[in-house]
2 protein chains.
Amino acid sequence: MMTFKHTVQEYDGELRKIREQLLFMGAKVEEMIAGGLKALLERDSELAHRVMELDSEVNKLELDIDELCLRVLARRQPVASDLRAVTTVMKMVTDLERIGDLGVNICERVMELNMVPPLKPYMDLPHMAEIAQGMVRSALDAFVNRDVEQAKQVIEKDQTLDSYYGQIFREMLTYMMEDVRNIYRATKIQSVSKYLERIGDHATNLAEMVVFMVKATDIRHKGRLGNAHAPRT
Amino acid sequence: MMTFKHTVQEYDGELRKIREQLLFMGAKVEEMIAGGLKALLERDSELAHRVMELDSEVNKLELDIDELCLRVLARRQPVASDLRAVTTVMKMVTDLERIGDLGVNICERVMELNMVPPLKPYMDLPHMAEIAQGMVRSALDAFVNRDVEQAKQVIEKDQTLDSYYGQIFREMLTYMMEDVRNIYRATKIQSVSKYLERIGDHATNLAEMVVFMVKATDIRHKGRLGNAHAPRT
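Please read these numbers as outputs of a predicted model, since none were measured by experiment.

**Some remarks on the overall build of chain A**
Piece 1. On a plain count of helices and strands, chain A comes out with seven helices and zero strands.
Piece 2. Listed N to C, the secondary structure of chain A is α-α-α-α-α-α-α in terms of helices and strands.
Piece 3. With the principal axes as the frame, chain A shows a C-alpha extent of 75 × 40 × 20 Å.
Piece 4. Here chain A holds 233 residues, and the buried ones make up 59% of them.
Piece 5. Here the analysis covers contacts within chain A between residues at least 6 apart in sequence; of these, 84% occur between residues at least 24 apart.

**A short note on the relation of the copies chain B and chain A**
Piece 1. Expressed as a screw transformation, the operator carrying chain B onto chain A has a rotation angle of 180 degrees and an axial translation of 0.0 Å, and the superposed copies differ by an RMSD of 0.0 Å. The superposition of one copy onto the other is thereby described by a two-fold rotation axis.
Piece 2. In this assembly the copies share their binding face: 100% of the residues contributing to the interface of chain B also contribute to that of chain A.

**Quick word on the pattern of salt bridges**
Residue and element names in this part refer to chain A.
Piece 1. Within the structure shown, the criterion is met by 34 salt bridges over all chains.
Piece 2. With a shortest N-O distance of 2.7 Å, R76 and E14 are connected by a salt bridge. A residue pair is termed long-range when its members are at least 10 positions apart, and R76 in helix 2 (residues 45–76) and E14 in helix 1 (residues 2–41) qualify at 62 residues.
Piece 3. We classify R76 as buried; its relative accessible area is 17%.
Piece 4. Where salt bridges share partners, they join E10, E14, R75 and R76 into one cluster.

**Some points on the interface of chain B and chain A**
Piece 1. Contacts between the two partners involve 50 residues from chain B and, on the opposite side, 50 residues from chain A.
Piece 2. Interface area, chain B with chain A, both sides summed: about 4400 Å², of which 58% is carbon and sulfur.
Piece 3. Here chain B is connected to chain A by six salt bridges.
Piece 4. Salt-bridge contacts for E67 of chain B lead to R84 of chain A; the nearest nitrogen and oxygen are separated by 3.2 Å.
Piece 5. Along the contact surface separating chain B from chain A lie 10 residue pairs in polar contact (both at pLDDT 80 or more).
Piece 6. The dominant element in the side of chain B that touches chain A, judged by the number of residues it contributes, is helix 3 (residues 80–113) of chain B, at 15 residues.

**Notes on the packing of helix 2 (residues 45–76) of chain B against helix 3 of chain B**
Residue and element names in this part refer to chain B.
Piece 1. The interhelical angle for the contact between helix 2 and helix 3, taken along N-to-C directions, is 165 degrees, at an axis separation of 9 Å. By the angle between their directions, the pair helix 2 and helix 3 is classed as roughly antiparallel. Handedness of the crossing formed by helix 2 with helix 3: left-handed.
Piece 2. Looking at the contact of helix 2 with helix 3, its residues break down into 19 nonpolar, five polar and six charged.

**As for helix 5 (residues 148–178) of chain B**
Piece 1. Taking 1.5 Å per residue as the helical rise, helix 5 of chain B with its 31 residues ought to reach 45 Å, and the 46 Å between its terminal C-alpha atoms agrees with that figure.
Piece 2. Looking at where helix 5 of chain B begins, the residue whose side-chain oxygen comes 3.1 Å from the main-chain nitrogen of E149 of chain B is D147 of chain B.

**So, the nonpolar core**
Piece 1. Formed by 153 residues in total, the largest nonpolar core has its most connected members in L125 and L196 of chain A together with L125 and L196 of chain B.
Piece 2. Contact partners of L125 of chain A, with chain neighbours within four places excluded, come to L37, L40, I168, I189, V192, S193 and L196 of chain A.

Conventions adopted
Residues numbered from 1 in each chain as written. Chains lettered and ligands numbered in written order. Predicted model: local features only at pLDDT ≥ 70, side-chain atom pairs only at ≥ 80, totals over all residues. Heavy atoms only, no water. Helix = DSSP H or I, 4+ residues; strand = E, 2+ residues; numbered from the N terminus. Buried < 20%, exposed > 50% of the residue type's maximum accessible area, 1.4 Å probe, protein only. Contact = heavy atoms within 4.5 Å. Least-squares fit on C-alpha atoms with pLDDT ≥ 70 in both. Salt bridge = Lys/Arg side-chain N within 4 Å of Asp/Glu carboxyl O. Buried area = accessible area lost by both parts, 1.4 Å probe. Polar contact = N/O pair within 3.5 Å; in protein donor to acceptor, adjacent residues only side chain to side chain. Axes fitted to C-alpha atoms, helices over the stretch in contact; angles between N-to-C directions. Parallel < 35°, antiparallel > 145°, perpendicular 65-115°, else oblique. Left-handed = near helix turned anticlockwise from the far one by under 90°. Nonpolar A, V, L, I, M, F, W, Y, C, P; charged D, E, K, R; others polar. Expected span 1.5 Å × (residues − 1). Core = buried A, V, L, I, M, F, W, Y, C linked by side-chain atoms within 4.5 Å.

Now the structure itself:
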């Protein structure tokens, strides 16, 4: 009996550790998004450089969390909701790692933009970044609380991000048409906004995984095969 | 003894089924890439439309394969290399599904491009598509054969795709600068080439998963934390 209790406690501890590491990884990529945008607004290439260095920590967290999950699958042989939770985490870290990559891409463009005079005040990009960052956090909260409603709100938010992207994309096209010398900077700004839009896509994927984890059967025949999972531009 | 043998046969059958479905899913997304490009070259919007319809099959395959994997994890409680193979498949289908989404995105741009006179002959895009498609197939072959060398070749190929993308991107910028009326089409062509480049990224992810699956410990301290996993633009 002692041994059984001991084992259950160990198992719980392992699941808790996985959850904690996942949230830690989420906080890191959030930091990358926020830092990248701060570096843009304050034209601080030094900060952009420091943010880029966080990427190797994020990469390492992906590997560590994967290992933790594999160990639990092999040793504890979880079933039902624990099994789904662990395999969901293994999928989620892939998306988080790619959000980290996009954070690096943002910083690359920021460093290029910081070398030339600003094209215009970056009004919408900080909003986009806030939304994207909030989506990542909410998706992870929804995972921890198994909260389908919160996850669905993340999925809905993605439209706002898509609209911002469309708006910035078109605005930058007009700058390009106005003056050939704007093309270089306008293209970079389009890229930053595209990266933020893709971060939103990854957050949406995270949220969809949560919905799917919580109510596996429901979504099989709606969400992902219906409009909710329409491919993204 | 009979029961044990029976169970082993069932288990083998389940693993085979997972592998077959994965390859089937891979063939579908290959078909989407090839079809999308054919629709571009032959200005066949009807074909583009048919290719887009394949996406729901791809989405369904992702769910089906996930279910098969979860069932094997719950019932057979695989360990060691089988465990890694099954969890790897669960990650791979996510990338394959997104390649399908990018196939749809290609078709969307193709339909827009087919509405206006061609900007120039699409020389490099078909090459890019062939490379991207080949990368997807090779990554899946490498998975089936647990072939690290083949997987590494896929990862190397990605540079070729990135160079093509850079080249097309810059070429299109010069078209834009030459004449404002080129901007609309040049932007669409840049997008198609970006989608192909991202398909290459997903194929690279697939290949990295294979390498990681086969030699888990080696790559932990090299590949993914080193240059091989530098974020992509």
